[in-house]
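As a plain string of letters, each chain reads:
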Amino acid sequence: MGLLSQIATFPLAPVRGVAWVMERALEAAENEYYDPEPIERELAELEQSLLAGEISEEAFDRREDELLDRLDEIRAHAQGTDTT
C-alpha cells in the first residue's frame with residue numbers, strides 16, 4: 001500500500017516540498033531572532049559609545065533598557081524550549 005499511496009499522492013509532492021522549505025526558513029528566522037550574540041555585541045558597543053562621549057547618559061540608559069529587555073525575552077524563550 002505504501003507504493004500505491006506514493007503514486008496517488010505524487011501530484012502533492014511540490015506542495016510538500018514548499019512546506020518543507022517554509023519550515024526550514026521559519027526555523028532559520030527564529031534561530032536568528034533568538035540569537036543573543038548580536039544583542040550582547042550591541043550592549044558592548046553602546047557602552048563604548050558612552051565611554052567615548054558619543055552618547056548621553058540618558059540615551060545610554062534608554063537603549064540599554066531596551067536591549068536588556070530583549071535579552072530577557074531571548075533567555076526566557078531559551079528556557080521555554082530547553083528539553084534537557
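Everything that follows concerns the structure shown earlier in this document.
Attention here is on the structure that accompanies the text. Owing to the predicted nature of the structure, the values given are computational and were not obtained by experimental measurement.

Re the nonpolar core
It is characteristic of soluble globular proteins that their nonpolar side chains tend to be buried jointly. In terms of nonpolar packing, the biggest core is built from 7 residues, these being I39, L43, L46, F60, L67, L71 and I74. Listed by contribution, the elements that provide at least two residues to this core are α3 (37-51) and α4 (57-81). For this core, the element with the highest residue contribution is α4, accounting for 4 residues. Ignoring anything within four residues of it in the chain, the contact list for L67 reads I39, E42, L43 and L46.

Looking at α4
In an α-helix there are 3.6 residues to a turn, and that puts residues three or four apart on one side. Helix length check: α4, at 25 residues, gives a terminal C-alpha distance of 36 Å against a target of 36 Å (1.5 Å per residue), a fit within 8%. Listed as buried for α4 are F60, L67, R70, L71 and I74. The inward-facing, buried residues of α4 contact α2 (13-33) and α3.

Focus: α3
Here α3 contains 15 residues, and its C-alpha end-to-end distance of 21 Å stays within 8% of the 21 Å for a straight helix at 1.5 Å per residue. Buried within α3 we find I39, L43, L46 and S49. Considered in projection along α3, the buried side chains sweep an arc of 125° and stay on one side of the axis. Exposed and oriented more than 90 degrees from the buried face of α3 are Q48 and L51. The inward-facing, buried residues of α3 contact α4. Positioned one or two residues after α3, G53 has a phi angle of 80°, which is positive.

Conventions we followed
Along each chain, numbering runs from 1 in the same order as the chain's sequence is written. Given that the model is predicted, a residue must reach a pLDDT of at least 70 before its local features are reported, and side-chain atom pairs must reach 80 or more before they are shown or counted; all residues, however, enter totals for whole chains, interfaces and linings. Side-chain metrics rest on all non-hydrogen atoms present in the structure, leaving aside hydrogens and water. Remark: nonpolar core denotes a set of buried residues (Ala, Val, Leu, Ile, Met, Phe, Trp, Tyr, Cys) joined through side-chain atoms within 4.5 Å. Working definition: with a 1.4 Å probe on protein chains only, accessible area under 20% of the residue-type maximum means buried, over 50% means exposed, and in between means partly exposed. Secondary structure elements are defined from DSSP: runs of H or I of at least 4 residues count as helices, runs of E of at least 2 residues count as strands, and each element is numbered from the N terminus. In what follows, a contact means two residues having at least one pair of non-hydrogen atoms within 4.5 Å. Here, expected helix span is obtained from the residue count minus one, scaled by 1.5 Å. Regarding the arc, it is the one traced by the directions from the helix axis to the C-beta atoms.

Such coordinate-based values are descriptive only and should not be taken to indicate function.
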